[in-house]
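Commentary on secondary and tertiary structure
Here's the letter readout for the chains.
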Amino acid sequence: NRKKLAIIIDEIDALIIGSDKSNLTELIQLISPCRKKDSLINSPIICICNETNDKKIADLKKYCKEIAFPKVDESDLYTIMNRIIAKENIQISKNIQEICIQNSIGDIRRLIIILNDIYSLTVNNDINDEMIERLCKTLSKKDLDVRLFEATNQILTTKNISIDTCLLNYNYEK
């Protein structure tokens, strides 16, 4: 009774986009449907990436089934955060919750890391605005990895978008 295994390669775009073509060629050989029956790798290979519009990723997608996940919206982040703070019995003001959501930049993993950092800094789980401000200053600001189509969509559909956000999106693809 053998367990079924899968190979997961996270951030495949970083591995492929920033390198020569050899990484891509090797990966395509691994996942190609015409690979030999006696191959040591008979498990599914799951490649996870954020950047799907690069030419090298497009070459890889010819051999893959693409499953796109929608971006996490702010209400989902609040739901996740509220579950965590309820289970950990952490008291966080609405102001601090908003700061956490803003600093997570739509990334669930980053939100969890922020909440973990806040929790580990507290003695009695009582977090104040001053503490969160100090923490946010020490966090390195995550670069917004906005793809061309997402940037265009954000510029055209977001109500009251700031000029700074528009310029950031514009300059991203320059």
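Calculation criteria
- Residues numbered from 1 in each chain as written.
- Predicted model: local features only at pLDDT ≥ 70, side-chain atom pairs only at ≥ 80, totals over all residues.
- Heavy atoms only, no water.
- Helix = DSSP H or I, 4+ residues; strand = E, 2+ residues; numbered from the N terminus.
- Buried < 20%, exposed > 50% of the residue type's maximum accessible area, 1.4 Å probe, protein only.
- Contact = heavy atoms within 4.5 Å.
- Areas by Shrake-Rupley, 256 points an atom, 1.4 Å probe, with all protein chains shown as cover.
- Patch = residues over 30% accessible without salt bridge, like charges linked within 9 Å, V, L, I, M, F, W, Y side chains within 5 Å.
- Salt bridge = Lys/Arg side-chain N within 4 Å of Asp/Glu carboxyl O.
- Lys, Arg positive; Asp, Glu negative; His and termini not counted.
- Charge placed at Lys NZ, Arg CZ, Asp CG, Glu CD.
- Expected span 1.5 Å × (residues − 1).
- Arc of directions from axis to C-beta.
- Core = buried A, V, L, I, M, F, W, Y, C linked by side-chain atoms within 4.5 Å.

**Some details on the overall build of the protein**
Broken down by element type, the protein carries nine helices and two strands. Each helix and strand of the protein, ordered N terminal to C terminal, gives the series β-α-α-β-α-α-α-α-α-α-α. For the protein, with 174 residues in total, the buried portion stands at 26%. Of the contacts formed within the protein by residues at least 6 apart in sequence, a portion of 66% connects residues at least 24 apart. Counting every atom, the protein has about 12800 Å² of accessible surface; 54% of that belongs to carbon and sulfur.

**Considerations on a negative patch on the surface**
A surface patch of like charges, here negative, comprises Asp73, Glu74, Asp76 and Glu98. Structurally, the position occupied by Asp76 is in helix H4 (residues 74–87).

**Focus: H4**
At 3.6 residues per turn, the α-helix brings residues three or four places apart onto the same side. Between its terminal C-alpha atoms H4 stretches 20 Å, which fits the 20 Å expected from 14 residues at 1.5 Å a residue. Those residues of H4 lying buried are Leu77, Met81 and Ile85. Viewed along the axis of H4, the buried residues span an arc of 60°, placing them on a single side of the element. Within H4, the exposed residues directed more than 90 degrees away from the buried face are Arg83, Ala86 and Lys87. Where H4 ends, the next residue or the one after it, Asn89, has phi of about 55°, a positive value.

**Considering the side chain of Gln97**
Positionally, Gln97 belongs in helix H5 (residues 94–104). The exposure class assigned to Gln97 is buried, which follows from its relative accessible area of 5%. Once residues within four sequence positions are removed from consideration, Gln97 is found in contact with Tyr78, Met81, Asn82, Ile85 and Ile92.

**Quick notes on the environment of Cys49**
Among the structural elements, Cys49 can be located in the loop between strand E2 (45–47) and helix H3 (55–61). With 39 residues separating them in the primary sequence, Cys49 and Asp10 have C-alpha atoms 6.6 Å apart. What Cys49 contacts, discounting residues up to four positions off in sequence, is Ile12, Asp13 and Ile57.

**Concerning the nonpolar core**
Counting 15 residues, the largest nonpolar core has Met81, Cys100, Leu111, Leu115 and Ile132 as its most contacted members. Only H4, H5, helix H6 (108–121) and helix H7 (129–138) provide two or more residues apiece to this core. Residues contacting Cys100, with those up to four places away along its chain left out, are Met81, Leu111, Ile114, Leu115, Ile118 and Ile132. If you look at the next biggest cluster of nonpolar residues, it comprises nine residues, including Ile12, Leu27, Ile28 and Ile45.

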